Amino acid sequence: MNASICYVGGSKGGVGKSMMSYVLTDYLIGNGKQVLLVESDTSNPDIFKAHETYTNENLICEIMDLDTSDGWLNLVDKAEDYPEHMIVINSAARSNTGISKYGSTLKTTLPQLQRELVTFWMINRQLDSVELLKEFVNAIHEGKLHVCRNLYFGDSEKFDVYNSSRAKEIIEMTGGTFDFPALSPRVADRLYSERVPIWIAENTFRISERAELARWKNLCLQLLKTAFGENNS
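Once a new chain begins, its residue numbering starts again from 1 and follows that chain's sequence as written. Given that the model is predicted, a residue must reach a pLDDT of at least 70 before its local features are reported, and side-chain atom pairs must reach 80 or more before they are shown or counted; all residues, however, enter totals for whole chains, interfaces and linings. To obtain the side-chain values, all non-hydrogen atoms of the structure were included, while hydrogens and water were left out.

Q: What should I look at first to understand the overall build of the protein in this one?
A: Each helix corresponds to a stretch of at least 4 residues labelled H or I by DSSP, and each strand to a stretch of at least 2 residues labelled E; elements are numbered beginning at the N terminus. Across its full length, the protein holds 12 helices and seven strands. Counting only C-alpha atoms, the protein reaches 45 × 45 × 40 Å along its principal axes. Scored against the burial criterion, the 233 residues of the protein give a buried share of 52%. Two residue types count as positive, namely Lys and Arg, and two as negative, namely Asp and Glu; His and chain ends fall outside the count. Lysine's charge is taken at NZ, arginine's at CZ, aspartate's at CG and glutamate's at CD. Charge separation in the protein, taken as the distance between the mean sites of 24 positive and 31 negative side-chain charges, equals 5 Å. The rule is simple: take the accessible area with a 1.4 Å probe, protein chains only, and divide by the maximum for that residue type; under 20% is buried, over 50% is exposed, in between is partly exposed.

Written out as structure tokens, the structure reads:
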């Protein structure tokens, strides 16, 4: 796995962006990668607050406003400053506006940065998830794009709008469609309310909660291994 830039999108609230950013950061750290975690939800920086206390030589946390041109310039500068760090970007709701205006700043500099863009696009069962996905593809079609059906909203077969869409066919030409497992609301609520990373929760939550976290994390790790092409490594 090269030092990719991982963008966790969805362009609206409540589709699972933060949960994906949680487990993606945990996955990379657990695999011995250095991570630059970028929180772009400046109004509710939950992911930043959960990890900022635990920063060290392997984890750097930043807040960047990607609704502005300066925010994208700062992102590219940090990517240049930390070439060995995997970058995880937790996007904010309505992020497509900033991407449409300024996303080319990142897109055009990827070859110079010698980085690949890997996008995890979180969706629910509603039509706007597919429409927002199309907007994103039109704005910054680059690298690998994976769509994640958040099973919190039901089984994968119930995602009729996406499953029958032309967008799904296009995505799967170069990327993949994955099922993002649902985590018990009780455990998810503790992660958010106590603002701790997964590796801390694994040692501090109650036994039942740790068991649920382990079940969910194992399913997520299989998803991420496949997305990064590591299942056969």
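Q: What's the story with the pattern of salt bridges in this structure? I'm lost.
A: Pairs can form between side chains of opposite charge once their charged atoms are near each other. Here, a salt bridge means any Lys or Arg side-chain nitrogen found within 4 Å of an Asp or Glu carboxyl oxygen. Using the criterion set out here, one finds 11 salt bridges in the structure. In this structure, Glu194 engages Arg190 in a salt bridge whose closest nitrogen and oxygen atoms are separated by 2.7 Å. Separated by four residues within a single helix, Glu194 and Arg190 lie in helix α10 (residues 185-194), roughly one turn from each other. A salt bridge links Glu209 to Arg190, with the nearest nitrogen and oxygen atoms 2.6 Å apart. Of this pair, Glu209 sits in helix α12 (residues 207-227) while Arg190 sits in helix α10, and the two are 19 residues apart along the sequence. Note on Glu209: relative accessible area 5%, which makes it buried. Among the charged side chains, a network of salt bridges with common partners joins Arg186, Arg190, Glu194 and Glu209.

Q: Quick question: what am I supposed to make of the sheet that holds strand β4 (residues 86-90) here?
A: What holds strands together in a sheet is hydrogen bonding between their backbones, with the strands either parallel or antiparallel. In this description, strands pair whenever DSSP reports at least two bridges between them. Reading across the sheet, the seven strands line up as β3-β2-β4-β1-β5-β6-β7 and stay open at both edges, with parallel pairing between neighbours. The open sheet has two free edges, formed respectively by β3 (59-63) and β7 (176-180), since each of these has just one partner strand. If you compare each strand with its neighbour and ignore which way they point, the axes differ by 20 degrees on average. Of the pairings in the sheet, the one linking strand β6 (residues 144-150) to β7 comprises five bridges and is parallel in character. Bridging across to β7, Val147 finds its partner in Thr177. This element, α12, spans β5 (117-123), β6 and β7 of the sheet and lies at about 175 degrees to β7. Angles shown run from 0 to 180 degrees and are taken between the N-to-C directions of axes, each axis being a line fitted to C-alpha atoms and, for helices, limited to the stretch in contact. Residue contacts are defined here by distance: any two heavy atoms, one from each residue, within 4.5 Å place the two residues in contact.

Q: Hey, could you run me through the environment of Gly71 in this one?
A: Inspection of the secondary structure assignment puts Gly71 in helix α3 (residues 69-81). Take Gly71: its relative accessible area is 6%, and that puts it in the buried class. Separated by 34 residues in the primary sequence, Gly71 and Thr105 place their C-alpha atoms 10 Å from one another.

Q: Would you mind showing me how to read the packing of aromatic side chains here?
A: Ring pairs (aromatic) are described by centroid distance and by the angle formed between their planes. Aromatic contacts are taken between Phe, Tyr and Trp rings whose centres are within 6.5 Å, Trp giving its six-membered ring; a plane angle under 30 degrees counts as stacked, one over 60 as edge-to-face, and the others as tilted. Per the stated rule, a full pass over the model turns up seven aromatic pairs. A ring pair is formed by Tyr152 and Phe153, whose centres lie 5.2 Å apart and whose planes are at 90 degrees; its orientation type is edge-to-face. Within the aromatic cluster, the residues linked to one another by ring pairs are Tyr7, Trp121 and Phe136. Geometry around Phe205 places Arg190 over its ring, the cationic atom sitting 4.1 Å from the centre. Any Lys NZ or Arg CZ found within 6 Å of a ring centre and within 35 degrees of that ring's normal is scored as a charge over the ring.

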